[in-house]
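Chain by chain, the residues:
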Amino acid sequence: MTPKLVNIKDSTSQGVLRLLQISDTHLYADPNRTLAGINTLQTFEQVLELADEHPADMVLATGDLVHDASESGYEALRTRFDQMQLPVYCLPGNHDEPDVLNQTLQKGTVYTDKCTTWGNWLLIFLDSTKPGEPGGNLNEQELSFLEECLATHPQHHVLICLHHHPTPSGSQWLDSMALDNPDAMFSILDRHNGVKGILWGHIHQDFLTQRDGIRMMGSPSTCIQFAPDEADFKLDPLPPGFRWLELTPDGEIKTGVKRLQETPVGLSLSTVGY
C-alpha cells in the first residue's frame, strides 16, 4: 500500500526557504553515555546553540537520531527541537527504530510526515532503513510514494531527503552500507524535471557533487566525524556541525556547513568502530 500524501503545508511565502540540516545525533537513553569518547547529548546541544544563531524557517533531521532507539532518547530529542520554535521534520536512520521514532516524535513542532510544501518547493522524506542492517534500501512502498509525489506536484521544485547515501562517498567501508538500489530511485527522477537536490546523513562528513544538474549533498554529524576517502573505519578530528540550505523561488540551492570551533574534549581517534 502506498503511503498517503500527508501534511502538505501550502505557504503564501514567495521568499527564500531557509533550512537547517541536523543529522546523526546518536543520542542515548542515558544522557551521560558517550560515543568514541564524547557525550553525544552535549555536542548535540552545542550544535543546536550554533544553529540557533543561523536564520531558518525549518529544520531537517536526517536519521540516526537515537543510537539505542530508546523512547526516552527520542523524548529528549523532541524536547530540545521544540525549543527551536521551528517546524522540524525527522526521518529514520539505521540506528533508529522507525515505529518508536514515529510514535514519539510526532508532537508539537516536530513531524515525521512524508512530505511538505513551502511556496513552490516540495520536500520529500524517504525511509531508507532496512530492519537489522546498517545499509539502506528504498522498498517498493517508498519508491511508489516518491513517484506519486513527483507526479502530483509537477510544478514544484523538489528536495529529496533520506538517511543513506545514494552515490559513492569514496570510503570503502561506508560505501558497503550505502543505499543498495539507487538506480531505482534515479530512474524515477529521470522521468520528472523538478528535482533540484538530494540530501542525506549517514556519512558523517561534508560531501557535495552533482548528477544531471541535481545537487547531491552529504553532511556532518552533531557528534563524531568520519574521515573521508578511507578504506576502513577512521575518525576525523573535525568538529561537529550542521548544514544550512537556502532554496530560492527559482529552484536554486545554496548551501554550506557550519561547525563548532573546537573538537569535543575526549574524542578518541583510536576508536575502530561504533
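Residues numbered from 1 in each chain as written. Predicted model: local features only at pLDDT ≥ 70, side-chain atom pairs only at ≥ 80, totals over all residues. Heavy atoms only, no water.

1. Quick notes on helix H6 (residues 182–189)
Next, step 1: When we look at burial in H6, the residues that qualify are Pro182, Met185, Phe186, Ile188 and Leu189. Across the axial projection of H6, the buried residues extend over an arc of 155°, all falling on one side.
Next, step 2: In this structure, the buried side of H6 is in contact with helix H4 (140–152), strand S11 (157–161), strand S12 (195–200), strand S13 (207–211) and strand S14 (214–218). (Buried < 20%, exposed > 50% of the residue type's maximum accessible area, 1.4 Å probe, protein only. Helix = DSSP H or I, 4+ residues; strand = E, 2+ residues; numbered from the N terminus. Arc of directions from axis to C-beta. Contact = heavy atoms within 4.5 Å.)

2. Description of unusual backbone geometry
Next, step 1: Even without being glycine, Ala36 reaches a positive phi, approximately 50°.
Next, step 2: Residue classification places Ala36 among the buried residues on the basis of a relative accessible area of 13%.
Next, step 3: In this structure, His202 takes a positive phi of about 70° despite not being glycine.
Next, step 4: Note on placement: His202 falls in the loop between S12 and S13.
Next, step 5: Classification of His202 as buried rests on a relative accessible area of 1%.

3. Some words on the packing of H4 against H6
Next, step 1: At a closest axis distance of 10 Å, the pairing of H4 and H6 adopts a crossing angle of 15°. Judged by the angle between their axes, H4 and H6 are roughly parallel. Between H4 and H6 the crossing geometry is right-handed. Taking contact as the criterion, the partners of Leu143, Leu146, Glu147 and Leu150 in H4 are, on H6, Ala184, Met185, Ile188 and Leu189.
Next, step 2: A breakdown of the residues in the contact of H4 with H6 according to their chemical character gives seven nonpolar, no polar and one charged. (Axes fitted to C-alpha atoms, helices over the stretch in contact; angles between N-to-C directions. Parallel < 35°, antiparallel > 145°, perpendicular 65-115°, else oblique. Left-handed = near helix turned anticlockwise from the far one by under 90°. Nonpolar A, V, L, I, M, F, W, Y, C, P; charged D, E, K, R; others polar.)

4. Considerations on the sheet that holds strand S1 (residues 17–22)
Next, step 1: Pairing is mixed across the open sheet formed by six strands, whose spatial order is S6-S5-S4-S1-S17-S18. Edge strands, defined here as strands with exactly one partner in the open sheet, are strand S6 (110–111) and strand S18 (253–259).
Next, step 2: Strand direction decides the pairing type here: strand S17 (residues 241–247) and S18, joined by seven bridges, are antiparallel. Residue pairing in the sheet places Leu247 in a bridge with Ile253 of S18. (Pairing = 2+ DSSP bridges.)

5. Description of helix H1 (residues 40–51)
Next, step 1: Helix length check: H1 (twelve residues) gives 16 Å between terminal C-alpha atoms against 16 Å at 1.5 Å per residue, within 8%.
Next, step 2: Tucked into the core, H1 has its buried residues touching S1, strand S2 (34–35), strand S3 (38–39), helix H2 (71–82), S17 and S18. (Expected span 1.5 Å × (residues − 1).)

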